[in-house]
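Listed here are the chains, written in short residue letters.
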Amino acid sequence: MNNTIKTDVLIAGCGCSGLYMAMNLPADKKILMITKSDCESSDSFLAQGGICVLRDDEDYEGYFEDTMRAGHYENRKESVDIMIRSSQEIIHDLIEYGVDFAKKDGNLAFTREGAHSTSRILFHEDITGKEISSKLLAQVRNRSNITIMENTTMLDIIEKDNTCYGIIAAGENDTLYAITAPYTLWACGGIGGLYTHSTNYRQLTGDALAIALNHNIELEHPDYIQIHPTLSLIHI
């Protein structure tokens, strides 16, 4: 394949997860990000409500129990613990990146959402996802070591002897690329676009899940599917 691109780190996906990941990688690494559409067309931009955070040390047990109960106690406990304990640091990072969470009397304002037994949700109006995603994207675009390829679709991984060496991707005009990297990271979004009726972007078709299955990569709870954002239907 003539179109070969070499990079230090490849990130498939430009939503919140991919953008935040890119911002937290070493600045001396050459990072390439790809997205199937333009950067603004990710469900991260559509998310409304807010983002949960550990209020203080006394909040840990309640936060943990709320999360486990919402997941019918099938959650991976180690992952839940990491999510909770890292939440304050992540929120601090987001504020440093310019995210403007709502405040009351000069302090962060907390609200309460489904499954939470207390108010531990930070928000920005009713467009929290857009606020976080747009500020992260602006920061990423200012990093000279990060390149974004829009309208580029991951078709498969380059794999040998259980080791991933990069991906095969299709760009604009169906141009094929072999993108090689010592580290390939997936932040590929969900599968909402597969459904006839969904507020998700149509390009979210679970490509990474399909590729994983084709390469015998173990998936955990693939039958648990949550589609966001939700919406209200008004019948007239």
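Data block above holds the structure.
This section reports on the structure supplied with the text. Remember, predicted model here, so these are calculated numbers, not experimental data.

What counts as what
- Residues numbered from 1 in each chain as written.
- Predicted model: local features only at pLDDT ≥ 70, side-chain atom pairs only at ≥ 80, totals over all residues.
- Heavy atoms only, no water.
- Pairing = 2+ DSSP bridges.
- Helix = DSSP H or I, 4+ residues; strand = E, 2+ residues; numbered from the N terminus.
- Axes fitted to C-alpha atoms, helices over the stretch in contact; angles between N-to-C directions.
- Contact = heavy atoms within 4.5 Å.
- Left-handed = near helix turned anticlockwise from the far one by under 90°.
- Nonpolar A, V, L, I, M, F, W, Y, C, P; charged D, E, K, R; others polar.

Spatial ordering of the open sheet is given by S8-S3-S2-S12, a layout of four strands whose pairing is parallel. This sheet does not close on itself; its edge strands, each paired only once, are strand S8 (146-149) and strand S12 (183-186). Between one strand axis and the next, the sheet turns by 20 degrees as a mean value, whatever way the strands run. Two strands pair when backbone bridges link them, and strand S2 (residues 9-12) and strand S3 (residues 31-34) are joined in this way by four bridges, in the parallel orientation. Each bridged residue has a counterpart across the sheet, and for Leu10 the counterpart in S3 is Leu32. Sheet contacts for helix H1 (residues 16-23): S2, S3, S8 and S12; angle to S3, the most-contacted strand, approximately 175 degrees.

Another aspect to go through is the sheet that holds strand S10 (residues 163-170). The strands that make up a sheet pair up through hydrogen bonds in the backbone, lying either parallel or antiparallel. In spatial order, the strands read S1-S11-S10-S9; together these four strands make up an open sheet with mixed pairing. Each having just a single partner strand, strand S1 (4-6) and strand S9 (153-160) make up the two edges of the open sheet. In this sheet, neighbouring strand axes are inclined to one another by 25 degrees on average, regardless of whether the strands run parallel or antiparallel. Where S9 lies against S10, seven bridges are found, and the strand directions are antiparallel. Across the sheet, residue Lys160 finds its bridge partner in S10, namely Thr163.

A few words on unusual backbone geometry. Residues other than glycine seldom take positive phi values, yet Asn162 does so here, at roughly 65 degrees. One can find Asn162 in the loop between S9 and S10. Phi is positive for Asn216, which is not a glycine, with a value near 55 degrees. Structurally, Asn216 is set in the segment after helix H6 (207-214).

Next up on the list: the packing of H1 against helix H5 (residues 128-141). The contact between H1 and H5 brings their axes to 9 Å, and the two run at 40 degrees. Regarding H1 and H5, the two cross each other, and that crossing is left-handed. Only Ile132, Ser133, Leu136, Leu137, Gln139 and Val140 of H5 make contact with H1, whose side of the interface consists of Cys16, Leu19, Tyr20, Ala22 and Met23. Of the residues contributing to the contact of H1 with H5, the split by class is nine nonpolar, two polar and no charged.

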